[in-house]
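Chain by chain, the residues run as shown.
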Amino acid sequence: MAQTVQIIMTDDIDGSEATETVTFTIDGHGYEIDLNEDNATALREMLAPYRKAGRKAPRTTNRRRAGTTQQRNSETPKIRAWARENGYEVAPRGRIHQHIIDAYHQATGTTEN
């Protein structure tokens, strides 16, 4: 039996279909966001003056040790349950939007690892 798996990315800003994942780092923290073409262009245009005035930082390797992902994701089931109980739409699997994670930590008085 053949299967077709289709992954549909959703723009993290407006909920439309995303066309790419944009990664960036600020204040030593790396982020990635799924955006449609217009929002990705807007982000790049907004950051353009800062990129032009800045300088490239040296690349560092940030390899995670075995077990780090599991430790970081140990709260994921709690966050999903909290989100559903508080009216957020969350998928049963996959990435949880950062604004939901932030709301969970604010509501529970906890911090991210």
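Here, the structure is the one placed above.
What comes next concerns the included structure. Being a predicted model, the structure only gives us computed values, none of them experimental.

**As for the pattern of salt bridges**
Here is step 1 of the chain: Scanning the model with the defined rule gives four salt bridges in all.
Here is step 2 of the chain: A salt bridge links Arg44 to Glu20; its shortest N-O distance comes to 2.9 Å. Here the residue Arg44 occupies a position in helix α1 (residues 37–53), and Glu20 occupies one in strand β1 (residues 20–26), the gap between them amounting to 24 residues.
Here is step 3 of the chain: You can call Arg44 partly exposed: its relative accessible area is 42%.
Here is step 4 of the chain: Accessibility expressed as a relative area gives 25% for Glu20, which makes it partly exposed.
Here is step 5 of the chain: With its nearest N and O atoms 3.8 Å apart, the salt bridge here joins Glu32 to Arg95. Residue Glu32 is found in strand β2 (residues 29–35), and its partner Arg95 is found in the loop between α3 (76–85) and α4 (98–108); the two are separated by 63 residues along the sequence.
Here is step 6 of the chain: According to the relative accessible area criterion, Glu32 is partly exposed, its value standing at 48%.
Here is step 7 of the chain: Using a relative accessible area of 43% as the deciding quantity, one classes Arg95 as partly exposed.
Here is step 8 of the chain: Connected through salt bridges with shared partners, the residues Asp12, Glu32, Asp34 and Arg95 form a single ionic network.

Rules behind the numbers
- Residues numbered from 1 in each chain as written.
- Predicted model: local features only at pLDDT ≥ 70, side-chain atom pairs only at ≥ 80, totals over all residues.
- Heavy atoms only, no water.
- Salt bridge = Lys/Arg side-chain N within 4 Å of Asp/Glu carboxyl O.
- Helix = DSSP H or I, 4+ residues; strand = E, 2+ residues; numbered from the N terminus.
- Buried < 20%, exposed > 50% of the residue type's maximum accessible area, 1.4 Å probe, protein only.

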